[in-house]
4 protein chains.
Amino acid sequence: MIKVGFIGLGQMGRPMARNLVQGGHTVQVHDTDTAAMAALADHGAIVCASVADCAAGVDVLITMLPNGDVVKAVLFDEGGAADALPDGAWIVDMSTVHPLASDGIAKEATARGFTFVDAPVGRTSDHAEKGQLLVLAGTDEAGVAHLAPLFDCMGSETVVTGAAGLGIRVKIINNYMSIALNALSAEAAALCEAIDLPLDTAMKVMSGTPAGNGHFTTTWPGKVLKGDLSPAFMIDLAHKDIGIALDLANQMHLPMPMGSAAREQFSAARAAGRGRQDWSAILEQVRASGGLPHH
Amino acid sequence: MIKVGFIGLGQMGRPMARNLVQGGHTVQVHDTDTAAMAALADHGAIVCASVADCAAGVDVLITMLPNGDVVKAVLFDEGGAADALPDGAWIVDMSTVHPLASDGIAKEATARGFTFVDAPVGRTSDHAEKGQLLVLAGTDEAGVAHLAPLFDCMGSETVVTGAAGLGIRVKIINNYMSIALNALSAEAAALCEAIDLPLDTAMKVMSGTPAGNGHFTTTWPGKVLKGDLSPAFMIDLAHKDIGIALDLANQMHLPMPMGSAAREQFSAARAAGRGRQDWSAILEQVRASGGLPHH
Amino acid sequence: MIKVGFIGLGQMGRPMARNLVQGGHTVQVHDTDTAAMAALADHGAIVCASVADCAAGVDVLITMLPNGDVVKAVLFDEGGAADALPDGAWIVDMSTVHPLASDGIAKEATARGFTFVDAPVGRTSDHAEKGQLLVLAGTDEAGVAHLAPLFDCMGSETVVTGAAGLGIRVKIINNYMSIALNALSAEAAALCEAIDLPLDTAMKVMSGTPAGNGHFTTTWPGKVLKGDLSPAFMIDLAHKDIGIALDLANQMHLPMPMGSAAREQFSAARAAGRGRQDWSAILEQVRASGGLPHH
Amino acid sequence: MIKVGFIGLGQMGRPMARNLVQGGHTVQVHDTDTAAMAALADHGAIVCASVADCAAGVDVLITMLPNGDVVKAVLFDEGGAADALPDGAWIVDMSTVHPLASDGIAKEATARGFTFVDAPVGRTSDHAEKGQLLVLAGTDEAGVAHLAPLFDCMGSETVVTGAAGLGIRVKIINNYMSIALNALSAEAAALCEAIDLPLDTAMKVMSGTPAGNGHFTTTWPGKVLKGDLSPAFMIDLAHKDIGIALDLANQMHLPMPMGSAAREQFSAARAAGRGRQDWSAILEQVRASGGLPHH
Ligand SMILES: NC(=O)c1ccc[n+]([C@@H]2O[C@H](COP(=O)([O-])OP(=O)(O)OC[C@H]3O[C@@H](n4cnc5c(N)ncnc54)[C@H](O)[C@@H]3O)[C@@H](O)[C@H]2O)c1
Ligand SMILES: NC(=O)c1ccc[n+]([C@@H]2O[C@H](COP(=O)([O-])OP(=O)(O)OC[C@H]3O[C@@H](n4cnc5c(N)ncnc54)[C@H](O)[C@@H]3O)[C@@H](O)[C@H]2O)c1
Ligand SMILES: NC(=O)c1ccc[n+]([C@@H]2O[C@H](COP(=O)([O-])OP(=O)(O)OC[C@H]3O[C@@H](n4cnc5c(N)ncnc54)[C@H](O)[C@@H]3O)[C@@H](O)[C@H]2O)c1
Ligand SMILES: NC(=O)c1ccc[n+]([C@@H]2O[C@H](COP(=O)([O-])OP(=O)(O)OC[C@H]3O[C@@H](n4cnc5c(N)ncnc54)[C@H](O)[C@@H]3O)[C@@H](O)[C@H]2O)c1
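Since we're looking at a predicted model, the values are computed, not measured.

> Give me the sheet that holds strand β3 (residues 46–47) of chain B: which residues, what numbers.
The strands that make up a sheet pair up through hydrogen bonds in the backbone, lying either parallel or antiparallel. Residues and elements named next belong to chain B. With parallel pairing, six strands are arranged side by side in an open sheet as β3-β2-β1-β4-β5-β6. Each edge of the sheet is formed by a strand with only one pairing partner; in this case those strands are β3 and β6 (115–118). Alignment of strand β5 (residues 90–93) against β6, held across four bridges, turns out to be parallel. If you follow Ile91 over to β6, its bridge partner there is Phe116. Across the sheet, helix α8 (residues 141–154) is in contact with β1 (3–7), β4 (60–63), β5 and β6; its angle to β5 comes to roughly 50 degrees.

Structure (structure tokens):
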């Protein structure tokens, strides 16, 4: 049993805090929305009138708030949570915040003698309800072991990233990829419709190719990730094919801004002399455009 | 045993034609590159000095050429293949060509009394060597049955799309998606590196989320594809999160043009009043931007 | 007085041909649309039933057609204009066509013994009506002198580009710039509205800065165009400021895809070590991304 | 003679403060960089050890700092400038900050009894040296009259925007437009080079068209700005022409991400049924994409 303070009882925080109570922990909660607190009281949480009250006497303080500015204010404003939090307590921020903001908060928390862990969550509020979140813990095995009694109430899986700051970093990367991919998938699906290709047919084909399975585990490991850029499928051909798709889309009056941006990347790769390299070399192209060191 | 003409003996055509010979078919070949023809002769193909010779007397004429202009010229220029091809023969274009160009070629072939099938291939030249291509056949079961003796020499899987023109269409969609996704994946991977997040950690997390598995079989079926836009994860939050990633990338001096384009799509979705809809509603947003009819 | 054939009597060709007639030239016209020909007949043009008839006996054949494929077909298809055109005649294509298609047409025309000039026009159909087009002539002074009696009927200004192919090239560049700039201006104006800034105020300010006057004649000549990249205004600051605008637009739910793409270019410039160079160095950045040789 | 506090003596602030001293005002200066202060002392400014000292006793406090966070901290942190500033003093922020941050600062300044004016500057540090900045004053005629003795030392032109917050808003819009336009111009210029078109020829042509003169004062006033969308030059043709330019650029391996994004905007306009509207209707398209009310 751990004594927990929980600040931020929104769509995510509410079920997370409830699951902690139901897991047998003592949970003090706070939110600026009193109705949100009342709902938690019904489940057995202790309602606190201020963030300071909520932090008083706890072992672990969890924040689940809209963004880094709010987390920072809640913790470090005058009369904030940090002023009331016992020495040596843990602060676990489970919100999705800007990694650099998170780093700043971590620094201040550490300077004040607390242990700070960034532990944002993956999946959705439905999963929060069922205690099936994915916890991305910015700490090592020991840190996760310490927090496991809590994480296990809220989530069904914890990724141990191994170091401070990596929890929020992997969260942001994962969301970047899945959110942008959503928009890209929409372009492909809309183009199917525009050219009278049943989406089922397209999905069936794509389920067996990198279009559906991604590149991380298919085309990259045997090629760019081990430094082999000899072509299985050439950048030049990739540029040709995406050009056909975009021309088609433009004839159908379907805007595809992401595909358009992609084509220019392949064009840049050709300009950089990569036309006859494997298409996975687009990774090297993007790395170079960001000034990342030559592999 | 089928009598086949095969025009275009490049990186793909060469192994494909060889596999047809090795499968026991009589194969007449032609390419403007005589060295390419010589290589096939060694494997037992009949070398033809012209496209007309190559088409003379065959049951099925296969083309595997750089683009639609070349296919059209090879077939329909004066003294071209179509002039020599027996009445009722089949023309199977396995090149990757613009679907509208393919439609035009199909139309002319049909007008001249031939059966035209678009049957482009998926996968790479390595697969061509091993006879393990994916054949995307723009025809129905009967058409595929007719051509199976050939397809089965060249590929290990044939998708029956059911109708003329759908082979090349699904090919283009698949390539669009996989090519653009490659560039998007590169942005995510480069950002990992720029923020000192081990790619392994990121890939491990993404292997369990839509970031790694795509949306077609994960987030879409239960939501947008059945018309349910109630939020599991809101457009507003997706917009927030991708904004964090882009700000981070900009601070790291890493250009992410595709992610940037994606953010503007989510911004447009919010402007269209979709902020509190499920993120899969981005499909409806893209559809609307292309004037596709309201579902 | 010149004997002219004129093919293509659309929104542009109709008034252009009419102005030639009214300028005293003998004009034979053709269009697939017979109504279009009839209208010209009323003005005194000679209607021709075929492109060949239209080319027969003329000194100069002018084409004003939708695109390069049509121009090519009209000229070089069997029984086309070139078959009937007198040896040594001039062909002047005033359509907007792909420069590489134009080059191909020029080559074939030249091979057949004609003089080919690309002479696309700037401005609009209103200007065509009034004989006030801008003629962009892909030829030298002598060529323009030869054609001046015609150009002067149709346009009020002729730019002598000096060499074959440069007429259509400068046309495409000009249109690229003005069309894309139109969309960019729309983003700026819409953002004004979204933030309640009167457009008049913004326009007044911009009328005195590169925002309204462009960079070609303001910031570039003293800096990047003479190889001086010492900062009057730094890339780093430009990146900062455009980032503020985009953040603001995103908060206002206003998609600005062009500005977004621009920011990533400045980000790439920073990654390439140009952060403290003058903002006009973005030209060097774009040049480098296209593999253009170091200055 | 006005008693002025000036905080932020960087590339811009240094010459601005110096010009105030030379204009006969009493100027107290502060910067975290003591060398920067020392330079000003040589010119006759009073060096202050803290922001509070710098604010003490002045009529007007000017800030010229990197961003809104710094301005906010300098003014409102404990022991900050606002604590020492005389009641009723004016705070004039001349930095380029996020408009929403500026609004927040204005609000707090006003709440504390000060008059806040956003007055960012246009042009460059060269102009700052010569006292030839463009001052964009977020206030009315009375406000500008009050500050004119100062503005006239630092700048050669003051735009009276008429209301609080409009100074920084017009600054951001102007910079957005000029910065993005810089990158767009670079794409056009690099394409000239890639296709061997002398830049001089292109610039000469563009100097007479909207490509060089912008749309605000040329194509828009007679069309979209007065609600007339009848075509002088159609969206459909604009889409065609920009497509040619992009195809050309792709063939030349020149990435043009901004032009690419523009094409998709024109594609969206066509999808929205605007193909036969005037190209200035792209403004209506962008407005609609941002949910701005129908005109
Ligand atoms: N909803 C999701 O699917 C999801 C998934 C993963 C991560 N997240 C992240 O989780 C965090 C919370 O998301 P949410 O969906 O629960 O948001 P929400 O807006 O529903 O909840 C935020 C809660 O914080 C409270 N709050 C705000 N300011 C406060 C303050 N100063 N003091 C006390 N309480 C305050 C609000 O009253 C609200 O109850 C966000 O960072 C979000 O990005 C959300
Ligand atoms: N390489 C791949 O991984 C791959 C995968 C799937 C599909 N494709 C598609 O397959 C097609 C062929 O690709 P490839 O990689 O073999 O290309 P390639 O350039 O290696 O081969 C093309 C061949 O066509 C010949 N050719 C060109 N014009 C000819 C003409 N007029 N008459 C006769 N022969 C002519 C060339 O000499 C060459 O041998 C393309 O459409 C390509 O997009 C390629
Ligand atoms: N409209 C403008 O503002 C403008 C401005 C500058 C340049 N342009 C360019 O000028 C050219 C003509 O534009 P437009 O606006 O007059 O187009 P349009 O579509 O109004 O006219 C084209 C004409 O060509 C005729 N035509 C098509 N195929 C033909 C064939 N095979 N034989 C004979 N006639 C044929 C059509 O019947 C039509 O009358 C285009 O290349 C366009 O890009 C147009
Ligand atoms: N440089 C230009 O061409 C230009 C043009 C127009 C507007 N601006 C804007 O003007 C502002 C200043 O630009 P700059 O080029 O002078 O920047 P700069 O970086 O050269 O100067 C900023 C100065 O602020 C000082 N400073 C930072 N934090 C401070 C603090 N807490 N207390 C006191 N001093 C502090 C720094 O030491 C430095 O001297 C920025 O907002 C910039 O965007 C610049």
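Resuming the write-up.
> Provide a residue-level description of the side chain of A:Asn175, including the pertinent values.
Following the sequence through the fold, A:Asn175 ends up in helix α9 (residues 166–194). With relative accessibility at 6%, the residue A:Asn175 sits in the buried group. Apart from residues no more than four positions distant in its own chain, A:Asn175 is found in contact with A:Ala180, B:Phe233 and B:Asp241.

> Quick rundown of the domain arrangement of chain A? Include the residues and the values.
The domain boundaries assigned to chain A delineate domain 1 (3–164) and domain 2 (195–289). Computed over C-alpha atoms, the centres of domain 1 of chain A and domain 2 of chain A are 41 Å apart.

> Break down the site of ligand 1 for me, with residues and values.
Neighbouring ligand 1 are 26 residues, the closest being A:Met12, A:Asp31, A:Met64, A:Leu65 and B:Lys240. Lying at an intersection of chains, ligand 1 is approached by residues of chains A and B. The backbone of A:Pro66 places a nitrogen or oxygen atom 3.4 Å from an oxygen atom of ligand 1. B:Lys240 places a polar side-chain atom, nitrogen or oxygen, 2.8 Å from an oxygen atom of ligand 1. Taking 830 Å² as the accessible area of ligand 1 by itself, protein coverage stands at 82%. Looking at the shell around ligand 1, the elements that each hand over two or more residues are α4 (68–76) of chain A together with α12 (235–251) of chain B.

> Account for the sheet that holds strand β1 (residues 3–7) of chain A, with residues named and values stated.
Residues and elements named next belong to chain A. Strand order in this open sheet of six strands is β3-β2-β1-β4-β5-β6, and the pairing throughout is parallel. Across the chains shown, the open sheet's two edge strands, defined by having one partner strand only, are β3 (46–47) and β6 (115–118). Relative to strand β4 (residues 60–63), β1 runs parallel, the two being bridged by four bridges. Within β4, the residue paired with Gly5 across the bridge is Leu61. Where α4 meets the sheet, its contacts fall on β1, β4 and β5 (90–93), and the angle it forms with β4 comes to roughly 150 degrees. Set on the sheet, helix α8 (residues 141–154) makes contact with β1, β4, β5 and β6; between it and β5 the angle comes to about 50 degrees.

> An account of empty space enclosed by the protein is requested, with residue identities and associated values reported.
Taken as a whole and judged by the stated rule, the model has three cavities of 30 Å³ or more. Considering only enclosed or pocket space, the largest cavity measures out at about 110 Å³ in volume. Taken together, A:Pro257, A:Ser260, A:Ala261, B:Pro257, B:Ser260, B:Ala261, C:Pro257, C:Ser260, C:Ala261, D:Pro257, D:Ser260 and D:Ala261 form the lining of the largest cavity. Breaking the lining of the largest cavity down by element, the ones donating at least two residues are α13 (257–271) of chain A, α13 (257–271) of chain B, α13 (257–271) of chain C together with α13 (257–271) of chain D.

> So, helix α2 (residues 34–42) of chain B: which residues are in play, and what are the values?
Because each turn of an α-helix spans 3.6 residues, side chains separated by three or four positions end up pointing in the same direction. Residue and element names in this part refer to chain B. Those residues of α2 not exposed but buried are Ala36, Met37 and Leu40. Looking straight down α2, one finds that the buried residues subtend no more than 100 degrees of arc, so they occupy a single side. In α2, those exposed residues whose orientation departs by more than 90 degrees from the buried face are Thr34, Ala35 and Asp42. Residues of α2 that are buried make contact with α1 (13–22), β2 (26–30) and β3. Regarding α2, its N-cap is Asp33, as a side-chain oxygen of that residue lies 2.9 Å from the backbone nitrogen of Ala35 further along. Just beyond α2, the residue with positive phi is Gly44, at close to 105 degrees.

> So, the site of ligand 4: which residues are in play, and what are the values?
In the region of ligand 4, 26 residues are neighbours, and C:Lys240, D:Gln11, D:Met12, D:Asp31 and D:Leu65 sit closest. Bordering ligand 4 are residues originating from chains C and D. In this structure, D:Gly10 approaches ligand 4 through a main-chain N or O atom, which is 3.4 Å from an oxygen atom. In the environment of ligand 4, an oxygen atom lies 2.9 Å from a nitrogen or oxygen atom belonging to the backbone of D:Met12. Surface burial for ligand 4 is 82%, taken as the share of its 830 Å² of free accessible area covered by protein chains. Put simply, the parts of the chain that give the shell around ligand 4 at least two residues each are α12 (235–251) of chain C together with α4 (68–76) of chain D. Split into classes, the residues belonging to the shell around ligand 4 amount to twelve nonpolar, nine polar and five charged.

> Tell me about the environment of D:Asp103, residues and numbers included.
Residue and element names in this part refer to chain D. Considering the arrangement of structural elements, one finds Asp103 in helix α6 (residues 99–111). For Asp103, a relative accessible area of 30% corresponds to the partly exposed category. A C-alpha to C-alpha distance of 13 Å links Asp103 and Pro120, two positions 17 residues apart in sequence. When sequence neighbours within four positions are dropped, the list of residues in contact with Asp103 reads Gly165 and Arg169.

> Any details on the pairing of β4(B)? Residues and values, ideally.
Residues and elements named next belong to chain B. The side-chain alternation of β4 yields two buried faces, one formed by Val60 and Ile62 and the other by Leu61 and Thr63. The sheet contact formed by β4 and β5 spans four bridges and is parallel. The residue of β5 that forms the bridge with Leu61 is Ile91.

> For the relation of the copies chain B and chain C, give the residues involved together with the corresponding values.
Superposing chain B onto chain C takes a rotation of 180 degrees combined with a translation of 0.0 Å along the rotation axis, leaving an RMSD of 0.1 Å. Such a combination of rotation and displacement between the chain copies is what one expects of a two-fold axis. When C-alpha distances to the rotation axis are compared across chain B, the minimum falls at B:Ser260, with a value of 3.0 Å.

> Would you mind going over the interface of chain B and chain C in detail, with residue names and values included?
Between chain B and chain C, the contact holds 16 residues from the first and 16 residues from the second. Its largest share of buried area at the contact with chain C, chain B owes to B:Asn250, B:His253 and B:Glu264, together 43% of the area lost on that side. The interface formed by chain B and chain C contains zero salt bridges. Run the count over chain B and chain C and you get eight residue pairs in polar contact (both at pLDDT 80 or more). Elements represented by at least two residues in the side of chain B that touches chain C include exactly α12 and α13 of chain B. A total of eight residues in the side of chain B that touches chain C trace back to one element, the largest contributor, which is α13(B). Across the side of chain B that touches chain C, the residue classes break down as seven nonpolar, five polar and four charged.

> Now, about the packing of aromatic side chains: what can you tell me, with residues and values included?
Applying the stated criterion across every chain yields a total of eight aromatic pairs over all chains. Residues C:Phe233 and C:Trp279 carry aromatic rings whose centres are separated by 5.1 Å and whose planes lie at 85 degrees to one another, so their mutual orientation is edge-to-face. Of the two residues, C:Phe233 sits in the loop between α11 (210–213) and α12 while C:Trp279 sits in the loop between α13 and α14 (282–289), which places them 46 residues apart along the sequence. Residue C:Phe233 shares its accessibility class with C:Trp279, and that shared class is buried. Arranged with centres 5.3 Å apart and planes meeting at 85 degrees, the rings of D:Phe216 and D:Trp220 form a pair that is edge-to-face. Classification of D:Phe216 by relative accessible area gives buried; the value is 8%. What makes D:Trp220 buried here is its relative accessible area of 0%.

> Summarise the relation of the copies chain D and chain C; cite the residues concerned and give the values.
With an axial shift of 0.0 Å and an RMSD of 0.1 Å, the rotation relating chain D to chain C amounts to 180 degrees. Interface residue correspondence from chain D to chain C reaches 99%, placing this contact among same-surface, isologous pairings.

> Any details on the pattern of salt bridges? Residues and values, ideally.
On inspection of all chains with the given rule, the structure shows 40 salt bridges over all chains. The salt bridge involving C:Glu108 is made with C:Arg112; its shortest N-O contact spans 3.4 Å. D:Glu193 is the partner of C:Arg287 in a salt bridge, and the nearest nitrogen-oxygen pair spans 2.6 Å. Highlighted residues: C:Arg287 in helix α14 and D:Glu193 in helix α9 (residues 166–194), drawn from two different chains.

> Any details on the interface of chain D and chain C? Residues and values, ideally.
On the chain C side, the residues contacting the 97 residues of chain D number 97 residues. Carbon and sulfur atoms supply 74% of the area buried between chain D and chain C, which totals about 8500 Å² over both sides. There are two salt bridges connecting chain D and chain C. Breaking the side of chain D that touches chain C down by element, the ones donating at least two residues are α6, β8 (133–137), α9, α10 (199–206), α11 (210–213), α12 (235–251), α13 and α14 (282–289) of chain D. Element by element, the count of residues in the side of chain D that touches chain C is highest for α9(D), at 26 residues. Partitioning the side of chain D that touches chain C into residue classes produces 62 nonpolar, 26 polar and nine charged.

How each quantity is defined
- Residues numbered from 1 in each chain as written.
- Chains lettered and ligands numbered in written order.
- Predicted model: local features only at pLDDT ≥ 70, side-chain atom pairs only at ≥ 80, totals over all residues.
- Heavy atoms only, no water.
- Pairing = 2+ DSSP bridges.
- Helix = DSSP H or I, 4+ residues; strand = E, 2+ residues; numbered from the N terminus.
- Contact = heavy atoms within 4.5 Å.
- Axes fitted to C-alpha atoms, helices over the stretch in contact; angles between N-to-C directions.
- Buried < 20%, exposed > 50% of the residue type's maximum accessible area, 1.4 Å probe, protein only.
- Domains from an automatic or database assignment.
- Near = heavy atom within 4 Å.
- Polar contact = N/O pair within 3.5 Å; in protein donor to acceptor, adjacent residues only side chain to side chain.
- Areas by Shrake-Rupley, 256 points an atom, 1.4 Å probe, with all protein chains shown as cover.
- 1 Å grid on protein atoms, 1.4 Å probe; cavity = no way out; pocket = protein on both sides within 12 Å on 5 of 7 lines; lining within 4 Å.
- Points joined across faces, edges and corners; volume = space filled by probe spheres on them.
- Arc of directions from axis to C-beta.
- Nonpolar A, V, L, I, M, F, W, Y, C, P; charged D, E, K, R; others polar.
- Least-squares fit on C-alpha atoms with pLDDT ≥ 70 in both.
- Buried area = accessible area lost by both parts, 1.4 Å probe.
- Salt bridge = Lys/Arg side-chain N within 4 Å of Asp/Glu carboxyl O.
- Phe/Tyr/Trp six-rings, centres within 6.5 Å; stacked < 30°, edge-to-face > 60°.

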